[in-house]
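The primary structure of each chain is shown beneath.
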Amino acid sequence: MSKVDILFLNNRDMSELGAKDMKAVIHDVERAYVLTEEGDILSPGKNVMRWGQTLEDENIYGRINSMPGFIGGEYNMAGIKWIGSGPMNYKKGLPRASVIIILNDPDTKLPVCIADGTEVSAKRTGASGAIAMRLLSRKDSSVLTICGAGVQGRTQLEAALIARPALKKIYVYDISMENSKRFADEAMKKYDNIQVIAVETPEYAVQESDIVVCVTLANKPFIQAQWLSQGCLLMNLADYEVTYDCVKKADKIVCDNWDTIKHRMISTVALMWKDGLIKDDDIYATLGQILNGSRSGRENDKEIIYFNAIGTGILDLAVATRCYRKALAEGKGTKLAYWE
């Protein structure tokens, strides 16, 4: 039997190989969405192993998700994302999310790489946000509200400034004002020519905003429909953060992967579907359909658009595959003997 090695890439390796390059990640995620519409992927779905019985329990005790998949095209790679989420990890000085990605050769099915995917996971979610903003927000968008001052809030801001460089005023809202102020201070030091304002309540910030991004652990909605201004893009990227009326007010409902959203059953639009308030036909488009030109994105400056993304493992596989192949070309990483 032939010797088989696996390449191990730790967090430092992945950063050096381009996992933190947001523009490159945006390209990978765009390609994953297009390949999905072309049928050149396998995505069996997200398997959620949660602790506790309710969403409230999950936001305390955490979960571990497995997200297998295959992505074709120029990536041609199979694998799985294994992501643990420990909401209370901050008390131990540990990150909330931890991710391992295993890549498998789609021909032999043997594993070829084990990589840290923590930064990949954060960046690819930010990239989804950037793509949605480019396709669905007004081109002259200048005011953004970010709800959630954690890792995802930071990556969404990074991505937003790439997608919509005209953004000048950023509001940040978090259940902890201390976190909001820290976010604002860090962002003002990191980025030029933007004003970042921590707010006690999201109401007036949302009313002024062209784009609203929600990346929180909320299990009760806090964004109200009457706050949404004409032409607003409302992005529901985590849990049950916006009211049913927000979705009803939208002229278009756009998502990343509708089947995955229904399977996960935590976001507003999924709960509305469960309650029989919307049908499959009410989903206007996926990002992939807009990217490949089969559906239009924003068609005028008056549309209110609701966007929901839950993510699939192939997004992470696309980014990890790019990094893995660069590692092979540059001789980086640590080879581990799998079979000797």
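Rules and cut-offs
Residues numbered from 1 in each chain as written. Predicted model: local features only at pLDDT ≥ 70, side-chain atom pairs only at ≥ 80, totals over all residues. Heavy atoms only, no water. Helix = DSSP H or I, 4+ residues; strand = E, 2+ residues; numbered from the N terminus. Rg over C-alpha atoms; globule rule 2.2 N^0.38 Å. Contact = heavy atoms within 4.5 Å. Areas by Shrake-Rupley, 256 points an atom, 1.4 Å probe, with all protein chains shown as cover. Lys, Arg positive; Asp, Glu negative; His and termini not counted. Charge placed at Lys NZ, Arg CZ, Asp CG, Glu CD. Polar contact = N/O pair within 3.5 Å; in protein donor to acceptor, adjacent residues only side chain to side chain. Pairing = 2+ DSSP bridges. Axes fitted to C-alpha atoms, helices over the stretch in contact; angles between N-to-C directions. Parallel < 35°, antiparallel > 145°, perpendicular 65-115°, else oblique. Nonpolar A, V, L, I, M, F, W, Y, C, P; charged D, E, K, R; others polar. Left-handed = near helix turned anticlockwise from the far one by under 90°. Phe/Tyr/Trp six-rings, centres within 6.5 Å; stacked < 30°, edge-to-face > 60°. Buried < 20%, exposed > 50% of the residue type's maximum accessible area, 1.4 Å probe, protein only. Lys NZ or Arg CZ within 6 Å of the ring centre and 35° of its normal.

### Side note on the overall build of the protein chain
Thought 1: On a plain count of helices and strands, the protein chain comes out with twelve helices and 16 strands.
Thought 2: For a compact globule of 340 residues, the expected C-alpha radius of gyration is about 20 Å, and the protein chain comes in at 20 Å, within 12% of that figure.
Thought 3: Expressed along its principal axes, the backbone C-alpha trace of the protein chain runs to roughly 65 × 40 × 40 Å.
Thought 4: Summarising the internal contacts of the protein chain: among those between residues at least 6 apart in sequence, 69% fall at separations of at least 24.
Thought 5: Within the structure as shown, the protein chain displays about 15,300 Å² of accessible surface, and the carbon and sulfur contribution to it stands at 50%.
Thought 6: In the protein chain, 42 side chains carry a positive charge and 44 a negative one; their mean positions are 2 Å apart.

### What to know about the side chain of Lys123
Thought 1: With respect to the element layout, Lys123 can be found in helix 4 (residues 118–136).
Thought 2: Here Glu158 takes part through its side chain, which lies 2.6 Å from a polar atom of the side chain of Lys123.
Thought 3: Those residues within four positions of Lys123 in sequence are excluded, and the remaining contacts are Ala19, Lys20, Met22, Val25, Thr155 and Glu158.

### Quick word on the sheet that holds strand 11 (residues 211–214)
Thought 1: Pairing in this open sheet of eight strands is parallel, and the strands run 10-9-8-11-12-15-13-14 from one edge to the other. Each edge of the open sheet is held by one strand with a lone partner, namely strand 10 (195–199) and strand 14 (285–286).
Thought 2: Relative to strand 9 (residues 169–173), strand 8 (residues 143–147) runs parallel, the two sharing five bridges. Paired with Cys147 across the two strands is Tyr173, which belongs to strand 9.

### Description of the packing of helix 2 (residues 22–37) against helix 5 (residues 151–163)
Thought 1: Running from amino to carboxyl end, helix 2 crosses helix 5 at an angle of 85 degrees, the nearest separation of the two axes being 10 Å. In terms of their interaxial angle, helix 2 and helix 5 are classed as roughly perpendicular. Along the contact surface, helix 2 presents Met22, Lys23 and Ile26, while helix 5 presents Thr155, Glu158, Ala159 and Ile162.
Thought 2: In terms of residue class, the contact of helix 2 with helix 5 is made up of four nonpolar, one polar and two charged.

### Digging into the packing of helix 5 against helix 6 (residues 177–190)
Thought 1: Viewed as axis vectors pointing N to C, helix 5 and helix 6 meet at an angle of 35 degrees, and their least axial separation amounts to 11 Å. Read as a crossing pair, helix 5 and helix 6 show a hand that is right-handed. Facing Gly153, Arg154 and Leu157 of helix 5, the residues of helix 6 in contact are Arg182, Phe183, Glu186 and Ala187.
Thought 2: For the contact of helix 5 with helix 6, a count of residues per class yields three nonpolar, one polar and three charged.

### Overview of the packing of aromatic side chains
The geometry of an aromatic ring pair is captured by the separation of the ring centres together with the interplanar angle, meaning the angle of the planes.
Thought 1: The tally for this structure, following the rule as stated, stands at four aromatic pairs.
Thought 2: On the basis of an interplanar angle of 80 degrees and a centroid distance of 5.8 Å, the ring pair of Tyr171 and Tyr204 is categorised as edge-to-face. Of this pair, Tyr171 sits in strand 9 while Tyr204 sits in helix 7 (residues 203–208), and the two are 33 residues apart along the sequence.
Thought 3: The class for Tyr171 is buried, based on a relative accessible area of 4%.
Thought 4: A cation sits over an aromatic face here: Arg295 above Tyr284, 4.2 Å from the ring centre.

### What to know about unusual backbone geometry
Negative phi characterises most residues that are not glycine, and trans characterises most peptide bonds.
Thought 1: Positioned with a positive phi, Asn76 is a non-glycine residue whose angle comes to about 45 degrees.
Thought 2: With respect to the helices and strands, Asn76 occurs in the loop between strand 4 (63–71) and strand 5 (77–85).
Thought 3: For Asn76, a relative accessible area of 38% translates into the label partly exposed.
Thought 4: Located in the positive-phi region is Asn193, a residue other than glycine, with phi close to 65 degrees.
Thought 5: Mapped onto the fold, Asn193 is located in the loop between helix 6 and strand 10.

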